[in-house]
Structure formats: structure tokens, C-alpha cells
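What follows is each chain in one-letter form.
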Amino acid sequence: MAGNHNHEARETRGAAIANWLMDRKWASFLLICVPTIMLALHIPKIKVESQFSDLLPKEHEYIKNYNKMKQTFGGANVITMALEVTDDKTDIFTYDTLKKLKYLTEEVDKIEGVNHYQVASIAHGKVRRIRTTGGGLIKSEPVLPKDLPKDPEALKQLREEAFNNDIVYGTYISTDGKLALIFAGFVEGVLKYSTIHDKMLEFKENVEKDGQTKLYIAGEPMLKGWIYYYTPELVVIFGITLAVMVALLFFHFYSVAGVVVPMLGTLLSAVWGLGFVGWMDFNLDPLILVVPVLISARTASHCVQMMERYYDEIRVGAEQEAAVRTSMGELLLPATLGILADAFALLVLTVSSMPMIAKLGMYCSFWGASNLVTVAVLVPLIMSLLPKPNVSIQEEHKHLPSRIMHNLGVFLVGPKASVIVMGGAVLLTVWAFYFGWTIQIGESKPGSPILYPEHEYNVSASKIADKFAGANQFSLYFEGDGPHRMKDPKVVAAMQAFGRYMADTRNFGGTRDIPQLVRSINRLYHYDDPRWSLIPASQTNIGNTLFMYEAGASMPGVILEYMDLEGRTANFVVFYKDATGPTVSEAVEKAHAWLDANPIEGVTPRFAGGIIGTTAAANEETHSSDIKTTVAIVLVVTLAIIVAYRSWVAGLMVFVLLILCVMTNRAFMGMRDIGLNVNTLPVTAVGIGVGVDYAIYMLDRLKEEARHRTLIDAIVTSMRTTGAAILFTATTIFAGIIFWIPISTLRFNGEMSLLLCLLLFSNMIGAITLVPLLVHMFKPRFVTDSHIDDRDTIRDQRLGGWQAESIAKMGGGAVGA
């Protein structure tokens, strides 16, 4: 609002609070400083780390079963290494290559946090072969002997035995004999991703230095290790973001205060947010640092809105103290609504049973809510102590955003705007609903979408999937009603039928199960006769077969890959080529369908472990959380607008913009093939809350300006002032994060920055086009009923210069409009 009425003694709630705080400046400063210092003391406690358990929905049935069974069968944190021979004329069965394979197997078993029972390769003692001696004895021995043979004939025999071993062929060695696989599981809560990553790179360098072999490495711990590896890069990216924002602030305000005040407010907000993280003993996951950075950018945006309003008051001749009180009082409502919309968009994430999402929602909502202090209170207090800026109303036109928004405002109140803007909005709505109606849940691409397709990790994942059964395990736990139930021929036969059924699922690679083990051992016990590759008819014979396999091992626990020591529970593993959303959902759906249709007497199937099982649980929780959070954000923000402005129309306008924002976001994700998962969910949630800020600021300014202006003049003035601030803040954030796309090595950061840019742009366009146009077209009562007189319009016409020319362009009759 501008003009003499700015200084009327309107004791609104906002003005009353502003006057109370301004009358007690130093007490207000003290009230801000005390919690700031207390929270700052907790910042050193923060740990930037990723915890696998934080990604799992702890209340989901699958995760409860997984947490129970992983004590016996191991967890889903599995590294998969594939050693490849580069010479086309040979295979892995040479002394040098087998020596490297043995080296990798032994060294990975020494890494801190490794689960020794989950280490497996043909060089490990748990992977066995059955051999018949010359005297007729049957012996269970490791596939590779302790002393590796150098004799070509012995190596040839070793190769033939491996190729005839159903347990090894296709699982631990590729079908062409060029690659060998090493598995290593790690204990959650003990493993250190950065240590594992460093060790893997060391192994890779050691086995590749002679140029004879190449090592491919995939698996969740390696992926997390790469994320840790690139974390220092974020410092550079954030530094560039900060530098760009500082430069734009300076060129916009042409003053040190224009830079210092927003940065000080942003810094204080960051201290509160990070201090809360340390106080709650939360960890910061490196992959979602984009959300706190976005919140900080939004803090700077709110600060700019406050400063722009203060400068508007100074331009029309208000004294500094009065300008501060007016800007603070008038922006208290829209700032509070906008800040709380940001905070609530994150707070609803706490409904998720995934600890990472819930913790992110808690500390980021507190971080966002702290802007009520750092923006609504601190910024005006600081401005009241700084020298009065030297600006005048004639200088307003020098700012490019003001000129752009003024011209756009003139267009919006013209005769063509309704057709052009509303036509564009209809087309955007059709596009958004068409492409955004359905969205991919889970990963959309093989490998990891966090990294680019050509990245070493994704190349490794692709190679392993192509040459082996796959590195993605789907564990189903068959729990019997008593000991030795897993040795019952009917149970083993049922598991065999289940395995054959699962072979028809998408991207199936193979299985590791009791029926396969029993058939393989039974065949080898019968002089490797293929006719004996079948399941024995009695429980005693199955038990004896499994006993001989374990008893002949040089180490205990080799049977734990398949079942527990009592034979009560079996671990049925299905390997898949990838862990994309369609693969995961089809695997789970078909497994449920078969097991529901074919119950096994005395056995209860428990879903699910492995990376496929845990991902399925996370995907289901993500889908549920997405629906709940989106509905909650839209409804609460809409109701808040209705209550604040006492208008259903105001709520409906914001509701329409929010729905369009949500669907535009989904359409973009669909077109870019970005899946909705545990990493993208919080980014999309905060994007919804961020977008509504602009509409709130614009609505509130329109309502204020309409008090003493004609509706047409109120729209143009609001566009020239608040619209310019919206354009500038959105451009500042856009310019700050667009650099992430070419700079970031992590594809995820580039994709999310592009997504956020789209959200900011679409919401900005909605706020500066649809909102004022809808007000002009429908003249809602919550705006028009506030009208008192046209004295500000009359005053501006008498000022002459740019203001008078602008009003003349609108037809000169704005006073009576």
C-alpha cells in the first residue's frame, strides 16, 4: 500500500504486533539472541551421514520381517564385485586370475562391518563342490583348493567342475567363464560407507594395474560410498549458489544493506535449523541437503519481500520508523501464511514411517517456521537501525523487474489478457493432467538414477546384470511350524514350483534356494548323473543330503544362505537384473498371488528382504506418504487462506494454483522419467509449499491496494511492487540453483534442481498472471469490499512523469473504473 493512508492508525492485529515489537526493540533482539546462541552450541554435534535403516519404513510388515530375519540370513547391504578377464582368448581359470579372485575374497572379508557369513565367491570356503574319490568316497570341498593349481590340466578340470556345478554356474561365474562374482554383506549400524568405498577403489586399482582384468563394483554400500565421495562437491555448488544470490541482491538494491540484511536473516534461520538438528541428535543425509538449501533460499526470498515493502514506503515519503512499522504490520499476515505453508509442507512428512523422511520433516519444518522470527521480526528490527535508504518514487522505474511487472500489469487489465492467459492456463492444465495423472513409483531406470548412466557404478551394475543372475536380491522367508519343516519333501517341492513360477516375472535372473541346492547335491552324490538332479522322496534323505553338505565344510554356517540351523525357516532368494519400480512391483505382486493361491501346509511365507523386498516396502510407503502429504498440504493451506481472508473465493483461487502446481510437477517427472521415491518425495513436497508463497503475497497486496485505489490501478500497482519482488526472488533462486545441472556429478542433484526451477517458474507465473487476472475478471468481494476511496489513484495521477503516463496508458479513466 502506498500514500498517506499508510500512516493511519489502523490497529489491525499485524500493526498492533509490529508496534509492540518496535516499542521494545532491544528486548526483541535479546529474545532472538538467547535461543540463537543456545541452538548454535548444538551445531558441532551434527553428523553428515546416511543410515540404511533410516530409508526403511519401520512399521511396514516387510521391514519388521526383514529386521527379524536379517540376524540369521544377513541384511540387504550387499556389495557385488565382478572380476572380468580382458583377454578374449582366455577365461578366469588361470592361476593369476584365480589368485586375484582369492585376494578380493579374503580382503573384503577384512573390511570393518562385514558380515562374514554373507561373503561368498568360488574362492570362499562356503561355496562347495561335491567330489567322488577313487575309493568311492564322496567329499564336500571348496570350489577352489587352498593351494591354487598352476598346471593347465588341473585348471581345466577345475573349470569343468565349476561349469557342472549348478550352485556356481551362472551365479558365481558367468556362463562364458569370463567373469567371477564376489558377494559381501555388511552389518547395518556398523558399516562405514566411505571406508567401504575407499577399500573398493583400492581393490580395483590393485587388480587392474596389469591390464589383464577389470573389476566391476555395484550394490547399496558402493552407491552410498559414491554419494559420500561427491559430498565435498556440494560445498562448491552451494558456494556458487550463494555468490550468485549475493550478486543479484546487490545489483537489485544497489546497497550493502540490500545484501547484508537478507543474508543475515538467512544465516540466523540456518543457525536455528542446524542447531535443532544437532539438539535432536539427527543425522544429515548428503542426498537430501538440497531441501535445507532450498529453505535457506526461501528465507532470503521472504527477506526480500519485507525489504521491498519497506522501500515502497520510503519511496512515497514515509519516515523511516513509520515505514518499518507499516511494512512489518502489513506483511505480517501474508508472511506468516507463506512461512507456515512452507513449514507445514515439510511437517506433514513426519507422518511417514521412514525415519529419514520423518526426521527431515521435523527439522526442516522447524527451520522453515523459524522464518517467523528471522524474517517477520528480525529484518524490520535491523532495517530500523540502519541508515534510511536514499530512494524516491521517481527511481522505481529504474529497476527492470518493476518495469516488466508494470507492463505486464497493464496488459492483464486490458481486453486481450483473459483470452491469452486463460487459454494458456487451460492448455497447461490439459498437459499437466495428461502426463501427470499417473507417476512412476520407485526407480525408473536400471542401475541408480542418482548417478548418470555413463558413471562407473551404473556401468558396473549393467555389466553384472547382463552376465549374471543379477545383483538385486528378493528374499522370501518360509517359516515352518516346527524344526526340520524345510526338509519336508512337500515343502521343498512347493518351493521348487514357486521358483519356476517366479521365473516368468520381469527381469528374472535366477534363484538361490533349498530345492536347487538339494537337486545339485543329489546329482553329484550320484556320480554327476543328470538323471539324479531331483528332490529325494523322503525327509530323511533330504536331511542327510543337507547334513553332508554342511558337515563337509571347513567352516560353520555354510547352510545359512539357505535355511537356519534348525531347518525351521528357509531363505528363498530370487535374483533380478534391476530394482526399478515395475520390476519390484511385479515380483511382489506375483509372489503374493502364487503363495495365496497355493498355501503350503505348516509353512507361513514372510515378506520380504533383500534390496527388492526393502525397496518394495519403501515404494509402498512412498506412494502412501505422497497421497497423504499432498492432500494434507493442499487442504490445510486452502483452509488457512479461507480463514485468514474470510473468503471461500480466496481459498478456491489458491486451491486451483496448488492443484496445477502438483500436476505440473508430476507431468514433468513423468516426461523426464523421474520416479517418485524416498529421495524425491521430500523435494516435491517442499516444492508445493514454496509455490504458494507467491500467490499469498500477491493476494494480500491486491487487497491492500484496493482500499484506496480503483481495482485496475490496484492490480497495476501490486504488479509493479509485489509482482516485481516475486519476479526478482524467483529469478534469484532460479539463477542460484540452475548451476547445479552442469556442475553436479550426481545426476539426482541436477534433476532435482531442474524440477525445483520448474516449480518456482510455474508458481511465479501463476502468481503474477492468474491471480491478478482472476481478481480483475471476477472482482471477488474479499478484495472489492475493502475499497474505501480512490485517493491514491488520484494522487498518482497528479504526480506526473512515469506514473501519470502509465495510468494514461490504461485509458485515463482508472479513477472511475
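Located above this text is the structure these notes cover.
Residues numbered from 1 in each chain as written. Predicted model: local features only at pLDDT ≥ 70, side-chain atom pairs only at ≥ 80, totals over all residues. Heavy atoms only, no water.

Peer 1: Which residues make up the pairing of strand E7 (residues 213–219), and what values go with them?
Peer 2: Judged by how many residues are buried, E7 sits mostly within the fold: six of seven residues are covered. As paired strands, strand E2 (residues 78–85) and E7 are joined by seven bridges and run antiparallel to one another. For threonine 80, the partnering residue across the bridge sits in E7 and is alanine 218. (Buried < 20%, exposed > 50% of the residue type's maximum accessible area, 1.4 Å probe, protein only. Helix = DSSP H or I, 4+ residues; strand = E, 2+ residues; numbered from the N terminus. Pairing = 2+ DSSP bridges.)

Peer 1: Account for a nonpolar patch on the surface, with residues named and values stated.
Peer 2: Residues Val256, Val260, Leu264 and Leu267 make up a contiguous nonpolar surface patch of about 360 Å² in total accessible area. The residue leucine 267 is located in helix H8 (residues 257–279) in this model. (Patch = residues over 30% accessible without salt bridge, like charges linked within 9 Å, V, L, I, M, F, W, Y side chains within 5 Å. Areas by Shrake-Rupley, 256 points an atom, 1.4 Å probe, with all protein chains shown as cover. Salt bridge = Lys/Arg side-chain N within 4 Å of Asp/Glu carboxyl O.)

Peer 1: I'd like a rundown of unusual backbone geometry, residues and numbers included.
Peer 2: Alanine 608 follows phenylalanine 607 through a cis peptide bond whose omega is -10 degrees. Mapped onto the elements of the fold, alanine 608 is located in strand E12 (residues 603–609). Positive phi, normally seen in glycine, also occurs at histidine 484, with a value near 65 degrees. Among the secondary structure elements, histidine 484 is positioned in the loop between strand E9 (472–480) and helix H16 (489–502). Despite not being glycine, asparagine 507 has its phi angle at roughly 60 degrees, a positive value.

Peer 1: Explain helix H12 (residues 371–385) to me, and be specific about the residues and the numbers.
Peer 2: Across its 15 residues, H12 extends 20 Å between first and last C-alpha, which sits within 8% of the 21 Å expected from 1.5 Å per residue. Largest kink in H12: about 35 degrees, centred on leucine 378, with the proline proline 380 one to four residues after it. For H12, a buried count of twelve out of 15 residues is recorded, marking the element as mostly surrounded by other parts of the structure. The complete set of buried residues in H12 reads Asn371, Thr374, Val375, Ala376, Val377, Leu378, Val379, Pro380, Leu381, Ile382, Met383 and Ser384. (Expected span 1.5 Å × (residues − 1). Bend = angle between axes of the 7 residues up to and from the residue.)

Peer 1: Account for the sheet that holds E2, naming residues and giving values.
Peer 2: With antiparallel pairing, four strands are arranged side by side in an open sheet as E3-E6-E2-E7. Each edge of the sheet is formed by a strand with only one pairing partner; in this case those strands are strand E3 (114–120) and E7. Strand-to-strand twist across the sheet, computed as the mean angle between neighbouring axes with direction ignored, equals 20 degrees. Alignment of E3 against strand E6 (residues 179–186), held across three bridges, turns out to be antiparallel. Paired with asparagine 115 across the strands is glycine 185, a residue of E6. Running at roughly 90 degrees to E7, helix H7 (residues 220–253) makes contact with E2, E6 and E7 of the sheet. The strands touched by helix H15 (residues 456–467) are E2, E6 and E7; relative to E7, the strand with the most contacts, the crossing angle is about 95 degrees. (Axes fitted to C-alpha atoms, helices over the stretch in contact; angles between N-to-C directions. Contact = heavy atoms within 4.5 Å.)

Peer 1: Describe the sheet that holds E12, listing the residues and the values that go with them.
Peer 2: With respect to topology, four strands assemble into an open sheet ordered E10-E11-E9-E12, the strand pairing being antiparallel. On the outer flanks of this sheet lie strand E10 (508–512) and E12, each paired with one strand and no other. Pairs of neighbouring strands in the sheet enclose a mean axial angle of 25 degrees, with direction left out of account. When E10 meets strand E11 (residues 569–576), the two strands line up antiparallel, connected through four bridges. Within E11, the position partnered with glycine 510 by the bridge is phenylalanine 575. Against the sheet, helix H3 (residues 61–73) makes contact with E9, E11 and E12, and its axis sits at roughly 95 degrees relative to E12, the strand it touches most.

Peer 1: Give a detailed account of the packing of aromatic side chains, specifying residues and quantitative values.
Peer 2: How two aromatic rings sit relative to each other is given by the distance of their centres and the angle of their planes. All chains considered together, the criterion is met by 29 aromatic pairs. Following the ring pairs from residue to residue traces out a cluster consisting of Trp272, Phe276, Trp279 and Phe366. Positioned over the ring face of tyrosine 95 is lysine 150, at 4.8 Å from the centre of the ring. (Phe/Tyr/Trp six-rings, centres within 6.5 Å; stacked < 30°, edge-to-face > 60°. Lys NZ or Arg CZ within 6 Å of the ring centre and 35° of its normal.)

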